[in-house]
Each structure stands twice: as structure tokens, then as C-alpha cells.
Amino acid sequence: MKVYTDFCYPTEIQDVVKMFYVEAELTSNKEEAELVLLEAERGNIYEYASIVGDKHAIQRVDCNGVDQLQRIRLRKRFAKIAAYDVLVDFTGKNMPWGSLTGIRPTKLADQLTKEGFDWFDVFTNKLGVSVGKAQLVADILQTQGSLHERKTGCADLYIGIPFCVSRCSYCSFTSGEIERLKKYVVPYVEALKRDIVATLAFVKEKNIRINNVYFGGGTPTSLNAEQLNEIMSCIDIDPVEYTVEAGRPDTIDSEKLDVLKAHGVDRISINPQTFNQSVLDIIGRKHSVQDIYDKYDLAKKYGFTVNMDLIAGLPTETYEMFRYSLDEAVSLTPDNITVHTLALKHGSLLKEQNYYSYADVSKMVDYSREKLYAANYSPYYMYRQKYMAQNLENVGYCKPNKPCLYNIGIMEEISDIIACGTNAISKRIISDENRIERAANAKDVITYINHNEEYLAKKFDLFD
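Residues numbered from 1 in each chain as written. Predicted model: local features only at pLDDT ≥ 70, side-chain atom pairs only at ≥ 80, totals over all residues. Heavy atoms only, no water.

1. A closer look at the packing of helix 7 (residues 225–232) against helix 8 (residues 254–262)
For step 1, the next point in the chain: Helix 8 packs onto helix 7 with a crossing angle of 10 degrees between their chain directions and a minimal axis gap of 9 Å. Judged on the interaxial angle alone, helix 8 and helix 7 are roughly parallel. Where helix 7 abuts helix 8, its residues Ala225, Leu228, Asn229 and Met232 lie against Glu255, Lys256, Val259 and Leu260.
For step 2, the next point in the chain: Residues that form the contact of helix 7 with helix 8 fall into these classes: 5 nonpolar, 1 polar and 2 charged. (Axes fitted to C-alpha atoms, helices over the stretch in contact; angles between N-to-C directions. Helix = DSSP H or I, 4+ residues; strand = E, 2+ residues; numbered from the N terminus. Parallel < 35°, antiparallel > 145°, perpendicular 65-115°, else oblique. Contact = heavy atoms within 4.5 Å. Nonpolar A, V, L, I, M, F, W, Y, C, P; charged D, E, K, R; others polar.)

Pasting the structure below:
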């Protein structure tokens, strides 16, 4: 579908249309457009007319008495509602998240509450969100409780390890196979150590308290035990929570777990993605189902809090196969289970292959929620992405008192993040202006190694 709009934020409209028509594109030619969205301003009142075929929708928003930033938000919101309403009428389809295209519905609910609105009513009666998805948001906010509050004078420390043992077909992260990049591993470890030491010295100088430490990637445990020990020896703080994404069962052994335990790590991920061997083989995981059980048993002997990830919508995985995977994960009783919906992101092999999931992914996600609630797991964080199967969501579930604090902080954008390593993004939250400033490191290993000092300076400027 070709879309014409004179609205000054056209990509917001395109995102809405793509929920109905994946190949939708913007056009500057009004005459050739199948969907037309027009904006009119009368004083501080904005009107949006959305027209497709013989259908039309109109939305109005009064921007009297609001600042410029809020005016922009309202204009975007009501233009999207107008586009969504006319497409629902035209196609006869409703989306589970209505006109919402943002990553963080829980953050929007909190923002609406602070503006004096009944967010549940706005979600369901204005934005078109289903009652079930709105209730999910309510359940997450209830689980988070006081953890949702912004903490000042502190930050979380993120450390990125850009290596994996193999590349999964759904992955779009800027990580590389460690065997192929092995000549850069030692230089990267050395650069990362310098980054961490300089960053923690800066943190102490500025009297910033580090609450949580999170190793992500890539797969941090694709490094050997000696390299992990070198990096972790640079971290001379005692965080509230210390997480390492071990992720791939084929990267875990007792020597590496000894290192993690010795440095105070208390949370790790062991991510099956599926308990069906045929699907593991298709997506390029390079490990067996038995490896999942074996490495989980090994990790629990160390007393780690363990998260397991599953993905709904993987190639060839039917609803029955996914249900088996979830049942197996629940039977192991990990502390956290995160259910992702497959997102076909640019840079992934599946995207390049134009893969489309014909499975009933919505049914998979619904079963996850039902099963996990019954097993005494509560949803504690959630986020959405573009190009997600059936316009759904990713949800982290936890046993009582076992949420990952770092996940809440980053997803609700209530914690500053000071980041080290390739593709790591430092974020500073300016609460009174409701905005975020960022400083991003290089996405590739070579640039990061060669320009380490430049990225340190950008990061320090952000927090200075």
C-alpha cells in the first residue's frame, strides 16, 4: 500500500500501516496513494483526516496549554489513531496492541497516569488496545511495584561481548562468530579492560553509584575462562545484582561458572529458545536439547538465579511443538522465563530469506501466559519491536521476588546506563524534561579497538 501524508512525522504513520500491510511505503505523490492522511491546524487544535477507499476517520486533539514536547507527542498519537481507525474499518482487522507502535507500553501507561489520565481507559477505548493486552500491562506494573520508580544518583553498568560460537538465523545483533574473529579477541579484551577501568574511575570521581552489572552480547561465555576472569577482575564494585548472559548451553562449563561465582555473579541466562532438536538445527544453534538440561543442572549447583528464553514463531515449530518447549522449561522451574515473539529484523538471515511464520504465534503467546501464571510466574517486564510476528510482544516472567532489576531499569527507562564495549549505548535520563540522551560506542570490533579513547570521551561528556 502506498501512503501519502502531509503530517510532519510520516514514519509514525508508516509503522501503523505496516501492521496491516507489511510492504507499505510512503509516497510524495498524493494522486497515486491508496491511503491519505491530512493534518489541519486551527489555533492549537489539530485535525487528522485519514482516507482509504470509501472509508474515512477523523481525530482531533486540543494542544492548548501544553509544552512543545507534549504537543509533538499528542500530534503523533492522534495521527496514528486516525490511520489505525480507518484501516480497521477498511480491512476488518483489529491489532492486539491497537495503534501503539512504541517499544514500551508500560512506560506509556505510567506517563498517562502522571498526566492525570486513566491509562487503562485510554488504551482500550482510544488507542484500540485489546483488554487482554491492557491487563498484561496492569499485571506488569503491579509486579514491578516500587521497582518502577526512578532512582537518582546511580546507574547500571552494561558490558558488551560481541562474540558468539555461531550465528542464529533470527539474530540481528552486531556480533560475530568467535572462531572467525579470533585474531581480534585478545585485542578486544584488552580494549574492554581499559574501557571498564577508566569508566569505573570516572564513576567514582562523579560519585555515581552502580546498582546493577549486566554482561550482554553476543554471548559473554563464548570467551574462555581466563579471558572472563581478566575482564571481571577490573570490576571492583559490589553491585546489588550481577548478571551474565551465558545464553548458549554449548559455551558453559564448570571452569567458567567457577569464574563467575568467584566474582559475585548471581544471575545467568541459559537460553534454549526451543526444546525441539529439529528446530535448534534449523536456526543454527549448534547444541543439543540434552545440553540444555545438563548445563541447567550444572548452573543450579552453583546457586545461580537462572533465566531461560524461548521464542514463539521459529521456523517449522508448530503450536504443539512450542507448547512442549514451554512445558519443558516450566518443569525445570527456572527463576525467570522470558517468552519472545520472533521479530524479523534487518541483518538477520531469516529476514534476508523473506521468512514468514505461518504458525499461530498468538496462540503460542496466549498459552505461555496461561501456563506461566498457573505455575506461579508473574510478568515483570515487557517490550515490543518492529516486525514482530502478529504484532505481539516479548514478556519476562519471574518467580516471586526474582525479577531482573537491570531488565526493569532498561525497559522502563528509569535507570541511567553506563556502557562499555562494542555496540554498547550509554543513556542518561533527564527526568524533568522526559527525555534521554545517548552516547553509542562503535558497532564493530575493529573500530572500537582503534578508537577506544574517543568513545570514552563521548561517554564521559554525557555524564559530566
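Once you've had a look at it, read on.
2. Observations concerning the nonpolar core
For step 1, the next point in the chain: With 126 residues, the main nonpolar core has Phe123, Ile159, Phe215 and Ile268 as its most contacted residues.
For step 2, the next point in the chain: The element best represented in this core is helix 2 (residues 68–91), accounting for 10 residues.
For step 3, the next point in the chain: Those residues within four positions of isoleucine 159 in sequence are excluded, and the remaining contacts are Leu192, Ile196, Val213, Tyr214, Phe215, Gly216, Ile235 and Cys420.
For step 4, the next point in the chain: By size, the runner-up hydrophobic cluster in this structure holds 15 residues, among which are Tyr158, Tyr383, Ile414 and Ala424. (Core = buried A, V, L, I, M, F, W, Y, C linked by side-chain atoms within 4.5 Å. Buried < 20%, exposed > 50% of the residue type's maximum accessible area, 1.4 Å probe, protein only.)

3. Looking at the sheet that holds strand 3 (residues 35–42)
For step 1, the next point in the chain: Strand order in the open sheet formed by 5 strands is 2-1-3-4-5, with mixed pairing between adjacent strands. The two strands at the open ends of the sheet, each matched to only one other strand, are strand 2 (25–26) and strand 5 (55–62).
For step 2, the next point in the chain: Across 3 bridges, the pairing between strand 1 (residues 2–5) and strand 3 is parallel. The residue of strand 3 that forms the bridge with threonine 5 is leucine 37. (Pairing = 2+ DSSP bridges.)

4. A word on the pairing of strand 17 (residues 425–430)
Where a strand is regular, its side chains alternate between the two sheet faces.
For step 1, the next point in the chain: Pairing between strand 17 and strand 18 (residues 435–440): 6 bridges, direction antiparallel. Within strand 18, the residue paired with lysine 427 across the bridge is arginine 438.
For step 2, the next point in the chain: Here strand 17 hands over to strand 18 after 4 residues, with asparagine 434 in that stretch at a positive phi of 50 degrees.

5. So, the pattern of salt bridges
Oppositely charged side chains can pair when the atoms bearing their charge come close.
For step 1, the next point in the chain: Scanning all chains against the criterion turns up 24 salt bridges.
For step 2, the next point in the chain: Measuring nitrogen to oxygen at the nearest pair gives 2.3 Å for the salt bridge that ties glutamate 413 to lysine 107. Of this pair, glutamate 413 sits in the loop between helix 14 (405–412) and strand 16 (416–420) while lysine 107 sits in helix 3 (residues 105–114), and the two are 306 residues apart along the sequence.
For step 3, the next point in the chain: Residue classification places glutamate 413 among the buried residues on the basis of a relative accessible area of 13%.
For step 4, the next point in the chain: Across the pair lysine 193 and glutamate 230 runs a salt bridge whose closest N-O atoms are separated by 2.9 Å. Taken together, the residues span a long stretch of sequence, with lysine 193 in helix 6 (residues 182–205) and glutamate 230 in helix 7 at a distance of 37 residues.
For step 5, the next point in the chain: On the accessibility criterion, lysine 193 (19% relative accessible area) is buried.
For step 6, the next point in the chain: With relative accessibility at 25%, the residue glutamate 230 sits in the partly exposed group. (Salt bridge = Lys/Arg side-chain N within 4 Å of Asp/Glu carboxyl O.)

6. Digging into unusual backbone geometry
For step 1, the next point in the chain: Cis geometry marks the peptide bond from glycine 217 to glycine 218; its omega dihedral reads 15 degrees.
For step 2, the next point in the chain: With respect to the element layout, glycine 218 can be found in the loop between strand 9 (209–217) and helix 7.
For step 3, the next point in the chain: In this model, lysine 286 sits at a positive phi of 65 degrees, which is unusual for a non-glycine residue.
For step 4, the next point in the chain: Within the secondary structure, lysine 286 is located in the loop between helix 9 (277–283) and helix 10 (289–301).
For step 5, the next point in the chain: The exposure class assigned to lysine 286 is exposed, which follows from its relative accessible area of 65%.

7. Examining the packing of aromatic side chains
Aromatic ring pairs: the centre-centre distance and the angle between the two ring planes describe each pair.
For step 1, the next point in the chain: Counted according to the given criterion, the structure contains 16 aromatic pairs.
For step 2, the next point in the chain: Relative to tyrosine 188, the ring of phenylalanine 163 has its centre 5.5 Å away and its plane inclined at 85 degrees; by these criteria the two rings are edge-to-face. With a gap of 25 residues between them, phenylalanine 163 in strand 7 (residues 163–164) and tyrosine 188 in helix 6 connect regions that are remote in the sequence.
For step 3, the next point in the chain: Owing to a relative accessible area of 0%, phenylalanine 163 belongs among the buried residues under this scheme.
For step 4, the next point in the chain: The exposure class of tyrosine 188 is buried, given its relative accessible area of 0%. (Phe/Tyr/Trp six-rings, centres within 6.5 Å; stacked < 30°, edge-to-face > 60°.)

8. So, helix 2
For step 1, the next point in the chain: With 24 residues, helix 2 extends 35 Å between its outermost C-alpha atoms, agreeing within 8% with the 34 Å of an ideal straight helix rising 1.5 Å per residue.
For step 2, the next point in the chain: Its side-chain oxygen at 3.3 Å from the backbone nitrogen of leucine 69, aspartate 67 defines the N-terminal cap of helix 2.
For step 3, the next point in the chain: Looking one or two residues past helix 2, glycine 92 carries a phi angle of roughly 75 degrees, positive in sign. (Expected span 1.5 Å × (residues − 1). Polar contact = N/O pair within 3.5 Å; in protein donor to acceptor, adjacent residues only side chain to side chain.)

9. Here we look at the side chain of serine 426
For step 1, the next point in the chain: By the secondary structure assignment, serine 426 is in strand 17.
For step 2, the next point in the chain: A polar contact of 2.9 Å, which involves the side chain of serine 426, links it to the backbone nitrogen of alanine 419.
For step 3, the next point in the chain: Non-local contacts of serine 426, meaning those with residues more than four positions away in its chain, are made with Ile417, Ile418, Ala419, Glu437, Arg438, Ala439, Lys459, Leu462 and Phe463.

10. Quick word on the side chain of threonine 274
For step 1, the next point in the chain: Relative to the helices and strands, threonine 274 resides in the loop between strand 11 (267–270) and helix 9.
For step 2, the next point in the chain: Look at threonine 274 and you get buried, because its relative accessible area is 0%.
For step 3, the next point in the chain: At 3.3 Å, the side chain of threonine 274 forms a polar contact with the side chain of serine 325.
For step 4, the next point in the chain: For threonine 274, the residues in contact, after removing those within four places along its chain, are Val279, Leu280, Ile292, Leu310, Leu314, Glu317 and Ser325.

11. As for the state of the cysteines
For step 1, the next point in the chain: Summed over all chains, the structure comprises 0 disulfides.
For step 2, the next point in the chain: Just so you know, cysteine 234 is unpaired, no disulfide at all, and the nearest cysteine sulfur is the one on cysteine 420, 9.9 Å from it. (Disulfide = S-S within 2.5 Å.)

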